[in-house]
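Remarks on the overall topology
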Amino acid sequence: MINDFIYDIPVRVYFGKDQLKHLGAELKKYGTRVLMTYGGGSIKRMGLYDKVVKEIKDAGLELFELSGIEPNPRIDSVRKGAQMCKDHHIDVLLAVGGGSTIDATKFMAAGACVDHDPWEFLDYAKPAPIERALPIVTILTLSATGSEMDTGGVISNPETKDKNGRLAPAMLPKASFLDPTNTFTVPPYQTACGSADIMSHIIEVYFNMNQDLFMLDCFMEGLMKTIVKYAPIAMKEPDNYEARANLMWTSSWAINGFVDGGKRQAWSCHPMEHELSAIYDITHGLGLAILTPRWMEYCLDETTVSKYVQFGTNVFGIDPTLEPMDIAHQAIDCLSHFLFDTMGLKRTLPEVGIDETHFALMAKKSVGGGTLPGFKPLQQQDVENIYRMCMK
């Protein structure tokens, strides 16, 4: 049966080259004191920082800044931002960057509204409720996580070796500025990792044996074909507007809730990857690229093969007259070729400095001590097996 669902994503999106002229007015809706958050120096080198500051100053707003937000953002950055919001009576937060900056800013906005440590929001044993958050506006500089148009975020805690995620409607951005030219300076490697992340967001939903809305499967297949077509172009021609625009909009729609269509299935590769990057601090998209084809291979059997056939024929154009298992294996090979050969990403865990030392611990944490109820339910041993498949 097709499940009931509610779809409500009230994010105002300013898409295109000349939309920053609306930034001041958008921020002013929420007050006059702005905390701008960002990562390293890339937004200054590309000239975006000066443009943003000018728009804020021209609107007569008071600006505060927090820089240095890390890839795989740390809870200490969240704590610092939440405290700044309290100390300076911030009205609205402006995240300028990729998913890491936006994720951290979301939890700063929530942390500013409570007295307890923000990590309590992410404590899986007893998560604190997220009932309020300061308004958030984003300016996206990397197509990957889709955080500019969803309610979630993921934060790392180096002290506990945890990397936990959380969804909460209060953390949904009020507005997001999506200018593809702001991604022209993204290096090929990060473009590849971001594209792998987008692909994984879609695959986590698409691979589902429940009856779903046919139009949503078609939509997801279109998104995946867009990545396959445009990611290599963006890597070779970084200032190709058409390629960057297609990746940017695909990133947002891969995870803003639209493709879920009432699905109840949990994700599989993301929990497994979060454990990898929690301990080894690898790039999230790279970890997903290494894991996903092995997870697909592990989950393939006579009960699931029909989904692989649909994927292989509709996304990669494999001959539908072949035997179903042949199509399924070819589909996995096509995805692997795209990720590792076309995109040039590392294909094994040893290539990124990971051995089997922590496999048992990571597997146990990824299944929450029980079962990971994804496309194919996975126990701790299953996850350990998938990690080991990634060793060669």
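As shown above, the structure is provided for reference.
Summary of the structure given here.

The next point concerns the sheet that holds strand E4 (residues 92–97). The 6 strands are arranged E1-E8-E5-E4-E2-E3 in an open sheet whose pairing can be described as parallel. Lying at the two open borders of the sheet, with one neighbouring strand each, are strand E1 (12–15) and strand E3 (62–66). With strand direction ignored, the average angle separating the axes of adjacent strands in the sheet is 20°. Across 4 bridges, the pairing between E1 and strand E8 (residues 175–178) is parallel. Each bridged residue has a counterpart across the sheet, and for Tyr-14 the counterpart in E8 is Phe-177.

Looking at the element boundaries, Thr-141 is found in the loop between strand E5 (136–140) and strand E6 (152–157). Among the polar contacts made by the side chain of Thr-141, one reaches the main-chain amide nitrogen of Gly-98 at a distance of 3.4 Å. Those residues in contact with Thr-141 that lie beyond four places of it in its chain are Ile-43, Leu-48, Gly-97, Gly-98, Asn-182, Thr-183 and Val-186.

All right, on to the pairing of E4 then. The side chains of a regular strand alternate between both faces of the sheet. Buried residues dominate E4, accounting for 6 of its 6 residues. Across the two faces of E4 the burial is the same, with Val-92, Leu-94 and Val-96 and Leu-93, Ala-95 and Gly-97 all buried. Relative to E5, E4 runs parallel, the two being bridged by 5 bridges. If you follow Leu-94 over to E5, its bridge partner there is Val-137.

This part is about the environment of Ile-56. Mapping Ile-56 onto the fold places it in helix H3 (residues 48–58). Among the residues examined, Ile-56 registers a relative accessible area of 0% and is labelled buried. The spatial distance from the C-alpha of Ile-56 to the C-alpha of Ala-231 is 33 Å, given a sequence separation of 175 residues. Not counting residues up to four positions away in its chain, the partners in contact with Ile-56 are Leu-27, Leu-61, Leu-63 and Leu-94.

The next point concerns unusual backbone geometry. Non-glycine residue Asn-72 carries a positive phi angle of around 50°. As for its placement among the helices and strands, Asn-72 is situated in the loop between E3 and helix H4 (75–87). Assessed through its relative accessible area of 8%, Asn-72 is described here as buried. Look at Lys-161: it is not a glycine, yet its phi comes out positive at around 60°.

Now for helix H10 (residues 284–299). With 16 residues, H10 ought to run about 22 Å at 1.5 Å a step, and its terminal C-alpha atoms sit 22 Å apart, in line with that. Leu-291 marks where H10 bends most, by close to 30°; the proline Pro-293 follows one to four residues later. Of all 16 residues making up H10, 14 are buried, and the element is well covered by its neighbours.

This part covers the packing of helix H11 (residues 305–315) against helix H12 (residues 324–342). Between H11 and H12, the shortest axis-to-axis distance is 8 Å and the interhelical angle comes to 60°. On the basis of the axis angle, H11 is oblique to H12. Considering only the axes of H11 and H12, their crossing is left-handed. Contacts between H11 and H12 involve Val-305, Tyr-308, Val-309, Phe-311, Gly-312 and Thr-313 on the former and, on the latter, Pro-324, Met-325, Ile-327, Ala-328, Ala-331 and Ile-332. Residue classes in the contact of H11 with H12 are distributed as 10 nonpolar, 2 polar and no charged.

Turning our eyes to something else, we now look at the nonpolar core. Grouped together as the largest cluster of nonpolar side chains are 65 residues, with contacts concentrated most on Phe-207, Met-272, Trp-295, Tyr-308, Leu-345 and Tyr-387. Beyond its immediate stretch of four places on either side in the chain, Phe-207 contacts Gln-265, Trp-295, Met-296, Lys-307, Tyr-308, Phe-311 and Phe-375. Judged by nonpolar contacts, the second largest core, of 28 residues, contains Ile-90, Ala-109, Leu-134 and Ile-155.

The rules behind the values
Residues numbered from 1 in each chain as written. Predicted model: local features only at pLDDT ≥ 70, side-chain atom pairs only at ≥ 80, totals over all residues. Heavy atoms only, no water. Pairing = 2+ DSSP bridges. Helix = DSSP H or I, 4+ residues; strand = E, 2+ residues; numbered from the N terminus. Axes fitted to C-alpha atoms, helices over the stretch in contact; angles between N-to-C directions. Polar contact = N/O pair within 3.5 Å; in protein donor to acceptor, adjacent residues only side chain to side chain. Contact = heavy atoms within 4.5 Å. Buried < 20%, exposed > 50% of the residue type's maximum accessible area, 1.4 Å probe, protein only. Expected span 1.5 Å × (residues − 1). Bend = angle between axes of the 7 residues up to and from the residue. Parallel < 35°, antiparallel > 145°, perpendicular 65-115°, else oblique. Left-handed = near helix turned anticlockwise from the far one by under 90°. Nonpolar A, V, L, I, M, F, W, Y, C, P; charged D, E, K, R; others polar. Core = buried A, V, L, I, M, F, W, Y, C linked by side-chain atoms within 4.5 Å.

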